[in-house]
There are 2 protein chains.
Amino acid sequence: MEIDSKSEKTIGIIGGLGPQATADFFSRIIRNTPAKTDQDHLHVIIDNNPKTPNRNNAIAGTGPSPFDSFKHSALRLKQAGADLLVMPCNTAHAFKDAIVSVVNTQFIDIVDEAASHIQTHYSGVRKAGLLAADGCLQSRLYHDALSKRKIETLSLAPDLQSNFMGLIYRVKASGVNTEVRQAMMALADTLIDQGVEVVIAGCTEVPLVLGQDDLSIPLIDSTEILAKQCVHYARNG
Amino acid sequence: MEIDSKSEKTIGIIGGLGPQATADFFSRIIRNTPAKTDQDHLHVIIDNNPKTPNRNNAIAGTGPSPFDSFKHSALRLKQAGADLLVMPCNTAHAFKDAIVSVVNTQFIDIVDEAASHIQTHYSGVRKAGLLAADGCLQSRLYHDALSKRKIETLSLAPDLQSNFMGLIYRVKASGVNTEVRQAMMALADTLIDQGVEVVIAGCTEVPLVLGQDDLSIPLIDSTEILAKQCVHYARNG
């Protein structure tokens, strides 16, 4: 007998982008699910495929496209029973429309959810700071989602953005330490100094490093927002 | 283009038993993989299906069998491309032979790996203490695996075993706190007082609570051993 509440959706996670961020996202889905027993939790299928080519290099035109890998993951998850798909990687959303056009499945968009969260919960905000990877900036994912909501996006100065990418690759290579955390806080502070009213953790490696306590203004944690929305959509349609 | 090193195997995790233990196991696979970039990590597919009926009740004859749920997970993972399967739940291994007979895929057995680890790394040990769920004890999974290796298994006295199950369900319901940790340490100490030479964390919720620093003798962490062996088999066949 396989018990599966028909009123709940099965979540499919296109993961491995990177693996630590996928594990972090999975843990947040669990933490955000009201549950007293194992069986109260949601059915989640994860395709953690870190072999997917580097998204930033692809968008910069210096590496192969990750699209086929995303497409295979999405199809694999749908075939396995996923009713709604998510990608805990902001930059990967540059390929989201192409993925959705192939799999035709409900897809919860991390950038849309984060932008919508700012609009709903911080309605006075007009200037948002953005910590995101090069490919995410180049694709203007947040710039477009926020400008629709009359919010200006401020990203790091080019040399600092390059430092930011260095930190992200360090986290992927060897995890988080005090030096990485302080360097990331200093980057966020350069945005705060320019008058942004919130800082968006627009890369799923950022919340592995920074928490709300590290900033003097609200941190918009895209991983946490996506996890909460996932639980919401899985339980309520 | 989908890059996937043919020399590496894709790991399939029959998960959700419970979800926190699955997330913990996934994180340990990541931590135990030598990697400098995302792409160095292993392809892991997780079917986190917490709707699987309670294993302990099934083994006690008071609830429905989880077998069909395990079978569907295993088939789903195999179809999605998993080359080797694991279950980060000791008790679920009471159903392992039946699952393997259906899916016919390499299966890394958590109990065999933990027993083999003791034999290899603690060769003088003759008496092992066991913290494991009722269904795991009733199925004699560790008793059999260890007696083959001439090691005696000592489990908790019946009233303490009942306290242990209470703690496991508390961890599943509301996570870990100091009270739960101290109560679990006290249970382990009753085994140590009876002369066991190692304590086996033979339930994947135990390492969410106890670490080596909490015990005066070696803790045999079945989750960590399975994660390391998984990485080994996926990389080396």
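A quick note: this is a predicted structure, and the numbers were derived from the prediction, not measured.

## What about the interface of chain A and chain B?
Working step 1: Counting from both sides, the interface comprises 45 residues of chain A and, opposite them, 45 residues of chain B.
Working step 2: Here chain A packs against chain B, burying approximately 3900 Å² in sum over the two surfaces, 50% of which is carbon and sulfur.
Working step 3: Where chain A meets chain B, there are six salt bridges.
Working step 4: The shortest N-O distance in the salt bridge between B:Lys172 and A:Asp38 comes to 2.7 Å.
Working step 5: Counting the contacts that link chain A with chain B gives 22 residue pairs in polar contact (both at pLDDT 80 or more).
Working step 6: Breaking the side of chain A that touches chain B down by element, the ones donating at least two residues are α1 (19-31), β2 (44-48), α3 (67-80) and α8 (158-174) of chain A.
Working step 7: If one sorts the elements of the side of chain A that touches chain B by residue count, α1(A) sits on top with seven residues.
Working step 8: Counted by class, the side of chain A that touches chain B contains 17 nonpolar, 16 polar and 12 charged residues.
Working step 9: Two strands pair when backbone bridges link them, and β2(A) and strand β2 (residues 44-48) of chain B are joined in this way by five bridges, in the antiparallel orientation. Across the sheet, A:Val44 pairs through a bridge with B:Asn48, a residue of β2(B).

## Some details on the packing of aromatic side chains
Residue and element names in this part refer to chain A.
Working step 1: A complete count under the given rule lists two aromatic pairs over all chains for this structure.
Working step 2: Centroid distance Phe-70 to Phe-95: 5.7 Å. Interplanar angle 55°. Geometry classified as tilted. Taken together, the residues Phe-70 in helix α3 and Phe-95 in the loop between β3 (84-86) and α4 (96-103) connect sequence positions 25 residues apart.

## With respect to the sheet that holds strand β6 (residues 152-155) of chain A
Residue and element names in this part refer to chain A.
Working step 1: One open sheet accounts for four strands, arranged β6-β5-β7-β8; its pairing is parallel. Each edge of the sheet is formed by a strand with only one pairing partner; in this case those strands are β6 and β8 (219-221). Averaged over all pairs of adjacent strands, the angle between strand axes in this sheet comes to 30°, irrespective of strand direction.
Working step 2: In terms of strand pairing, strand β7 (residues 198-201) meets β8 through three bridges, oriented parallel. Among the inter-strand pairings, Ile-200 is bridged to a residue of β8, identified as Ile-220.
Working step 3: Against the sheet, helix α11 (residues 222-236) makes contact with β7 and β8, and its axis sits at roughly 50° relative to β8, the strand it touches most.

## A short note on the pairing of β2(A)
Residue and element names in this part refer to chain A.
Working step 1: Among the five residues of β2, five are classified as buried, and the element is accordingly described as predominantly covered.
Working step 2: The alternating pattern of β2 places Val-44, Ile-46 and Asn-48 on one face and Ile-45 and Asp-47 on the opposite face, and all of these are buried.
Working step 3: Bridge count between strand β1 (residues 11-15) and β2: five bridges; the pairing is parallel. If you follow Gly-15 over to β2, its bridge partner there is Asn-48.
Working step 4: In this fold, the crossover linking β1 to β2 by way of α1 has right-handed handedness.

## So, the sheet that holds strand β1 (residues 11-15) of chain B
Working step 1: Reading across the sheet, the eight strands line up as β4(A)-β3(A)-β1(A)-β2(A)-β2(B)-β1(B)-β3(B)-β4(B) and stay open at both edges, with mixed pairing between neighbours. At either margin of the open sheet sits one strand with a lone partner, and together these are β4 (106-107) of chain A together with β4 (106-107) of chain B.
Working step 2: Those strands touched by α11(A) are β1, β3 and β4 of chain A, and its axis lies near 175° from that of β3(A).

## Quick look at unusual backbone geometry
What you tend to see is this: most non-glycine residues have negative phi, and most peptide bonds are trans.
Working step 1: In the segment running from A:Leu17 into A:Gly18, the intervening peptide bond is cis, with an omega of -5°.
Working step 2: The phi dihedral of B:Arg140 is positive, around 55°, even though this residue is not glycine.
Working step 3: Counting through the fold element by element, B:Arg140 comes out in the loop between α6 (134-138) and α7 (141-147).
Working step 4: One non-glycine residue with positive phi stands out, namely B:Lys150, at about 60°.
Working step 5: Inspection of the secondary structure puts B:Lys150 in the loop between α7 and β6 (152-155).

## So, the packing of helix α1 (residues 19-31) of chain B against helix α11 (residues 222-236) of chain B
Residues and elements named next belong to chain B.
Working step 1: Following both chains from N to C, one finds α1 and α11 inclined at 45°, their axes separated by 9 Å at the closest point. Viewed along their axes, α1 and α11 adopt a mutual orientation that is oblique. Pair α1 / α11 crosses with right-handed handedness. For the pair formed by α1 and α11, the contact residues are Asp-24, Phe-25, Arg-28 and Ile-29 on the first element and Thr-223, Glu-224, Leu-226, Ala-227, Cys-230 and Val-231 on the second.

## Some thoughts on the environment of A:Ile13
Working step 1: By secondary structure assignment, the location of A:Ile13 is in strand β1.
Working step 2: The residues touching A:Ile13, leaving out its near neighbours within four places in the chain, are A:Thr22, A:Phe25, A:Ile29, A:Val44, A:Ile45, A:Ile46, A:Asp47, A:Leu77, A:Val86 and A:Pro88.

## Let's talk about α3(A)
Residue and element names in this part refer to chain A.
Working step 1: The end-to-end C-alpha distance of α3 is 20 Å, a good match for the 20 Å that 14 residues give at a rise of 1.5 Å each.
Working step 2: Every buried residue of α3 is listed here: Ser-69, Phe-70, Ser-73, Ala-74, Arg-76, Leu-77 and Ala-80. For α3, the angular spread of the buried residues around the axis is 160°, confining them to a single face.
Working step 3: Two residues or fewer past α3, Gly-81 is found with a positive phi of approximately 120°.

## Regarding the pattern of salt bridges
Working step 1: If you walk through the whole model with that rule in mind, you get 28 salt bridges over all chains.
Working step 2: Residues joined by salt bridges that share partners form a network here, namely A:Asp24, A:Arg28, A:Asp221, A:Glu224 and A:Lys228.

## Quick word on the packing of helix α5 (residues 110-121) of chain A against α11(A)
Residue and element names in this part refer to chain A.
Working step 1: Contact pair α5 / α11: the axes reach a minimum separation of 9 Å and the direction vectors enclose 100°. For the element pair α5 / α11, the angle class is roughly perpendicular. For the pair α5 and α11, contact is made by Ile-110, Glu-113, Ala-114 and His-117 and by Ser-222, Thr-223, Ile-225, Leu-226, Gln-229 and Tyr-233, respectively.
Working step 2: Its residues placed into classes, the contact of α5 with α11 shows five nonpolar, four polar and one charged.

## Looking at the relation of the copies chain A and chain B
Working step 1: When chain A is fitted to chain B, the best match, at an RMSD of 0.0 Å, comes from turning it 180° and sliding it 0.0 Å along the axis. Such a turn and shift between the copies fits a two-fold axis. Taking C-alpha positions as reference, the residue of chain A nearest the rotation axis is A:Ile46, located at 2.5 Å.
Working step 2: Taken as a fraction of all interface residues of chain A, those also at the interface in chain B reach 100%, which identifies the copy contact as same-surface.

The rules we used
Residues numbered from 1 in each chain as written. Chains lettered and ligands numbered in written order. Predicted model: local features only at pLDDT ≥ 70, side-chain atom pairs only at ≥ 80, totals over all residues. Heavy atoms only, no water. Contact = heavy atoms within 4.5 Å. Buried area = accessible area lost by both parts, 1.4 Å probe. Salt bridge = Lys/Arg side-chain N within 4 Å of Asp/Glu carboxyl O. Polar contact = N/O pair within 3.5 Å; in protein donor to acceptor, adjacent residues only side chain to side chain. Helix = DSSP H or I, 4+ residues; strand = E, 2+ residues; numbered from the N terminus. Nonpolar A, V, L, I, M, F, W, Y, C, P; charged D, E, K, R; others polar. Pairing = 2+ DSSP bridges. Phe/Tyr/Trp six-rings, centres within 6.5 Å; stacked < 30°, edge-to-face > 60°. Axes fitted to C-alpha atoms, helices over the stretch in contact; angles between N-to-C directions. Buried < 20%, exposed > 50% of the residue type's maximum accessible area, 1.4 Å probe, protein only. Right-handed = clockwise from strand over helix to strand, strands pointing away. Parallel < 35°, antiparallel > 145°, perpendicular 65-115°, else oblique. Left-handed = near helix turned anticlockwise from the far one by under 90°. Expected span 1.5 Å × (residues − 1). Arc of directions from axis to C-beta. Least-squares fit on C-alpha atoms with pLDDT ≥ 70 in both.

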